[in-house]
Amino acid sequence: MATEQDSLVRLRPVHPDDKEFIYSVYASARAEEMAIVPWNDEQREMFLRSQFAAQQKHYQGYYPEATHQIILLSEQPVGRLYVDRQEQEIRILDITILPGDRGRGIGGPLVRQLMNEAATTNRRLTIYIESFNRSRSLFERLGFVPVEETGVHLLFEWHADNHKT
């Protein structure tokens, strides 16, 4: 069921001038982890920037056709969504909402849109999630199931044949 909030959420392609925003989204996802390391702010910043660059290079190298989008809420950027579409699979590479906007019903409708796309094109929808990531509960509620474990990462999968939206 669509809500008023859903109509305020939209996606737009990433632009070159979004780099600092995208970095801030990345850094926000690592904030808890960075809070416990014995580094000063400069060391944290250097580490995060190098990891961010490595992640961007990885996505470009392994998923060159993926869509990279900014999540907007009332036209304000609040997150990022990267999706790779293959013949048999739609893979959510990254969905991250800024901390101040989490829990506001932004991510669920975006994932449901991808579920609908997967269902209508008869593809599975997948995402790797760290086992301790809070978003895991959202994907479990939506009917995603873990199908593979690699270290701290779990590959979650949803397919219309096996689950209801």
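Refer to the structure printed above.
K.L.:
I tried to follow the environment of Ala66 on my own but got confused; where do I start?
P.N.:
Mapped onto the elements of the fold, Ala66 is located in the loop between α4 (41-62) and β2 (67-73). Owing to a relative accessible area of 14%, Ala66 belongs among the buried residues under this scheme. Separated by 16 residues in sequence, Ala66 and Tyr82 have C-alpha atoms that sit 6.6 Å apart. Residues contacting Ala66, with those up to four places away along its chain left out, are Val83, Asp84 and Leu93.

K.L.:
Which parts of the structure should I look at to understand the environment of Glu140?
P.N.:
Mapped onto the fold, Glu140 is located in helix α6 (residues 136-141). On the basis of relative accessibility, which here comes to 38%, the residue Glu140 falls in the partly exposed class. Between the C-alpha atom of Glu140 and that of Gly103, which follows or precedes it by 37 residues, the distance is 15 Å.

Here is what the cut-offs are and how they apply
Residues numbered from 1 in each chain as written. Predicted model: local features only at pLDDT ≥ 70, side-chain atom pairs only at ≥ 80, totals over all residues. Heavy atoms only, no water. Helix = DSSP H or I, 4+ residues; strand = E, 2+ residues; numbered from the N terminus. Buried < 20%, exposed > 50% of the residue type's maximum accessible area, 1.4 Å probe, protein only. Contact = heavy atoms within 4.5 Å.

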